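Results of the structural survey
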Amino acid sequence: MQLKHWVSKILGYDGPPDSKDFYLVETDEEQESASEDAGEENTPSSKSRQHKIRKPKKTGSAGYNNDADKPGESSDDDNEEQSKHDESQREIHAALKVNKKNIEQLFNMPLNKDVVVRELTLSTEPPVQAFLVFMEGMADTKLINNSILKPLMLLTNLDPGPGIRPDTCTNVLQKHLPSNQVKKLTLFKDVVTQVLSGATVIFFEGSPCAVSAETKGFPYRAVDTARTEQVVQGPQEGFVENLRSNTSLIRRIIRSEELITEYLQVGARNNNNVAIMYLADLTNPDLVQEVKRRIKGIKTDYVAESGVLEEFIEDHPLSLMPQIVKTERPDRVSSMLLEGKVAIIVDNTPFVMLVPGLLFDFLHSPEDHYVRFSHSVWLRIIRVFAVFLTILLPAFYVAIATFHQEMIPTDLLLSIASARERVPFPTIVEILLMELSFELVREAGVRVPGIIGPTLGIVGTLILGQAAVAASIVSPILIIIVAVTGLSSYAIPNYAASFGFRFMRFFFIFLATTLGFFGISSGLFVLLCLLLNMKSFGVPYLAPVAPKTAPSADIIFRFPAWQQETRPDYQQTLDTRRQPDLSRVWTTKRSKQPTGESENKDGDKGGNDAGAT
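Within each chain, residues carry numbers counting from 1 in the order of the written sequence. Totals for whole chains, interfaces and linings use every residue, but because this is a predicted model, local features are given only for residues with pLDDT of at least 70 and side-chain atom pairs only at 80 or more, for both listing and counting. By convention in this description, side-chain values take in all heavy atoms of the structure and omit both hydrogens and water.

What follows covers the packing of helix H15 (residues 427-447) against helix H18 (residues 495-515). Working convention: axes come from line fits to C-alpha atoms, limited for helices to the stretch in contact. Angles between N-to-C directions cover 0 to 180 degrees. Each helix is a run of H or I in the DSSP string that is no shorter than four residues. Each strand is a run of E no shorter than two, and both are numbered from the N terminus. Relative to each other, H15 and H18 sit at 175°, their axes nearing to 11 Å. Classified by the interaxial angle, the pair formed by H15 and H18 is roughly antiparallel. When H15 is examined against H18, the residues Ile 428, Ile 431, Leu 432, Glu 435, Leu 436, Glu 439 and Arg 442 are found in contact with a partner set consisting of Arg 502, Arg 505, Phe 506, Ile 509, Phe 510 and Thr 513. Each residue belonging to the contact of H15 with H18 can be placed in one class, and the counts come to 7 nonpolar, 1 polar and 5 charged. We call two directions roughly parallel when the angle between them is under 35 degrees, roughly antiparallel when it is over 145, roughly perpendicular when it lies between 65 and 115, and oblique otherwise. A contact between two residues is defined here by any heavy atoms of the two lying within 4.5 Å. The classification used treats Ala, Val, Leu, Ile, Met, Phe, Trp, Tyr, Cys and Pro as nonpolar, Asp, Glu, Lys and Arg as charged, and all other residues, Gly among them, as polar.

Here it is in structure tokens:
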């Protein structure tokens, strides 16, 4: 009986006796709208329910504008429709208490503990009351103490005058604030933006404006080597998650006054900063305007990384092939800017986007320009060959083994037949099993932290392949096919393009299983039509091959640097020439010998002769 009692208690356990379940209860409005939709769902003319956004109520005592906003009491419809956006549009008041109350309402104080408000008194005659506000963790407290509090509280010497003057902000900004970047603000919207970006904003009694001082001090990763685009020869620096550091890395390479940086914000809630960089005297203005139009036309709450922004602005978001180049190397961004492209830098990500991105851009490596042109041509031929192997090699094997055995030499056919004699699965099951296993090992090697990842990938592939052959699950030649296909996908320098080609090969495998070589040729024709129909920011995806434009010296074959006189024609740049037709002037003109050098040589000759005499 005791055993039965304990078993019933264990199997019928319903939580602690004093536990209380939590449910998110629907409001009366939601229940009413749901009942209306249920009654209208069978009506042909019923319209989809329009979701209403319930504005959150203020928390804390500072959140109540009047008695009608307090809990337990009714409020008017006009008061319920007010939001923080409306409050942020207000102008800064001359009364310090009003400004402080607005700040507390905007930042949900005192509930929000990250926002710090520091009251102070300026050492003037008469004294001026003030307060500053900053975000703890985003601002450098030492910089605030030394560059703001100390000058204002100890070293302030405003011009004497009766009472409080309305130009207090101007005097402080020009004479008493030793900060490298200061701004004069008049709207609370700008105050919120500055505080959330790490600046410190100062309000003064009797002044209808505020002063923002640059005090950013949040931690970020130092500049490190590029991790996904490593090269043997060339620069080793890579971008980091800090926006200003990334723009400075580009400016250190392109030291031109024509390099323009414009800033936008995306995301209604996270307000992420986006920088657009281009060369004003080179890049097509229509391309710049189109980039800004697409970014400004994004309506969403949260844009965290460049990959999210890429999905919002690319022309064909459902395509397997990327249409925007992403790189973490400043040297590659700089070279593409000099070709007329536009760089899009998103804060909090080390990857920079470049538009337009065409098919041949994804087959180029930064190292192509740092080695001899003959070596670069050979490497690019290998990459093009690797693309076709990645897409078609498994499909060719399936088509030959299933439909076209007569194309195989007799000795090789007998060898393949003897190897597959004990394999119980058809060719399609066999190759899908190994391809999916290889993808699984690849993904596991990426996700495992540290140096264990590559080791796990190599060891896992060897063990799985050997065990599969020993167990007669797959044939040895299939292991070779899958291994060569995997190595070919690694030879593609762009990760997004490599993933697209890897995904395509599964479509070609199924086409080869059903229709053989006819299915493969049909798939290639459809793929070519899709690529011909694609565009990236108004530029055809296969340019300059289709449509045919002016010949370029850097598409598949890279010509020597001294033969690359013109920029790509499809970019429609303002300046089409990189260099004159004769860039190596020293090969045709004899260098003039400095006069002093010849005189010295004559003098030395004469001196030697005199000495000999």
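After presenting the structure, the write-up continues.
What follows concerns the nonpolar core. What makes a nonpolar core is a set of buried Ala, Val, Leu, Ile, Met, Phe, Trp, Tyr and Cys residues whose side-chain atoms join them at distances within 4.5 Å. Three exposure classes are used, based on accessible area relative to the maximum for each residue type with a 1.4 Å probe and protein chains only: buried under 20%, partly exposed in between, and exposed over 50%. Ranked by internal contacts, the top residues of the largest apolar core, which has 53 residues, are Ile 250, Met 321, Val 333, Leu 478, Phe 501, Phe 508 and Tyr 541. Looking at which domains feed residues into this core, each of domain 2 (224-357) and domain 3 (373-539) gives three or more. Once residues within four sequence positions are removed from consideration, Ile 250 is found in contact with Phe 239, Leu 259, Met 277, Val 333, Ser 334, Leu 337 and Ile 345. Among the nonpolar cores identified, the runner-up in size contains 20 residues, and Ile 295, Ile 298, Val 355 and Phe 537 belong to it. An automatic or database domain assignment is the source of the domain bounds shown.

Attention now moves to the pattern of salt bridges. Salt bridge criterion: a side-chain nitrogen from Lys or Arg within 4 Å of a carboxyl oxygen from Asp or Glu. Scanning all chains against the criterion turns up 23 salt bridges. Between Glu 310 and Lys 326 there is a salt bridge, with its nearest N and O atoms 3.9 Å apart. Within this pair, whereas Glu 310 is found in helix H11 (residues 306-313), its partner Lys 326 is found in strand E10 (residues 325-327), the two being separated by 16 residues in sequence. Of the residues examined, Glu 310 reaches a relative accessible area of 12% and is grouped as buried. A salt bridge links Asp 368 to Arg 380, with the nearest nitrogen and oxygen atoms 3.0 Å apart.

Moving on, we get to the confidence of the model for the protein. Per residue, pLDDT measures the predictor's confidence, with a range of 0 to 100. Overall, the predicted model of the protein reaches an average pLDDT of 82, with 81% of residues at or above 70. For the stretch residues 44-51, pLDDT sits under 50, and the model shows 4 contacts to residues farther than four places along the chain or on other chains. Counted against residues more than four places away or in other chains, residues 597-613, with its pLDDT under 50, gives 2 contacts.

Quick look at the sheet that holds strand E8 (residues 259-266) now. Here we have 5 strands laid out as an open sheet, ordered E8-E9-E11-E12-E10, and antiparallel in their pairing. Strand pairing shows two members of the sheet lacking a second neighbour, E8 and E10, which therefore form its edges. Between one strand axis and the next, the sheet turns by 25° as a mean value, whatever way the strands run. The pairing of E8 with strand E9 (residues 272-279) spans 8 bridges and is classified as antiparallel. What sits directly across from Val 266, in E9, is Asn 272. Against the sheet, helix H9 (residues 243-253) engages E8, E9 and strand E11 (342-346), with an angle of about 160° to E8. This element, helix H12 (residues 330-337), spans E8, E9, E10, E11 and strand E12 (352-355) of the sheet and lies at about 145° to E10. Pairing between two strands is assigned when DSSP locates at least 2 bridges connecting them.

Turning to the packing of aromatic side chains, a few remarks are in order. For any pair of aromatic rings, the description consists of the separation of the ring centres together with the inter-plane angle of the planes. Aromatic pairing here means that ring centres of Phe, Tyr or Trp (its six-membered ring) are within 6.5 Å. Orientation follows from the plane angle: under 30 degrees is stacked, over 60 is edge-to-face, and everything else is tilted. Taken as a whole and assessed by the stated rule, the structure comprises 5 aromatic pairs. An angle of 20° between the planes, with centres 6.1 Å apart, marks the rings of Phe 188 and Phe 203 as stacked. Taken together, the residues Phe 188 in helix H8 (residues 188-196) and Phe 203 in strand E4 (residues 200-204) connect sequence positions 15 residues apart. Just as Phe 188 is buried, Phe 203 falls in that class too. Measuring from ring centre to ring centre gives 5.3 Å for Phe 396 and Phe 517, while their planes differ by 55°; the resulting arrangement is tilted. Residue Phe 396 is located in helix H13 (residues 373-402), and its partner Phe 517 is located in helix H19 (residues 517-533); the two are separated by 121 residues in the primary sequence. Residue class for Phe 396 comes out partly exposed when judged on its relative accessible area of 33%. Clustering of aromatic rings is evident, with ring pairs tying together Phe 131, Phe 188 and Phe 203. Over the ring of Tyr 490 we find Arg 442; its NZ or CZ atom is 4.6 Å from the centre of that ring. The rule is short: NZ of Lys or CZ of Arg within 6 Å of the ring centre and within 35 degrees of the ring normal puts a charge over the ring.

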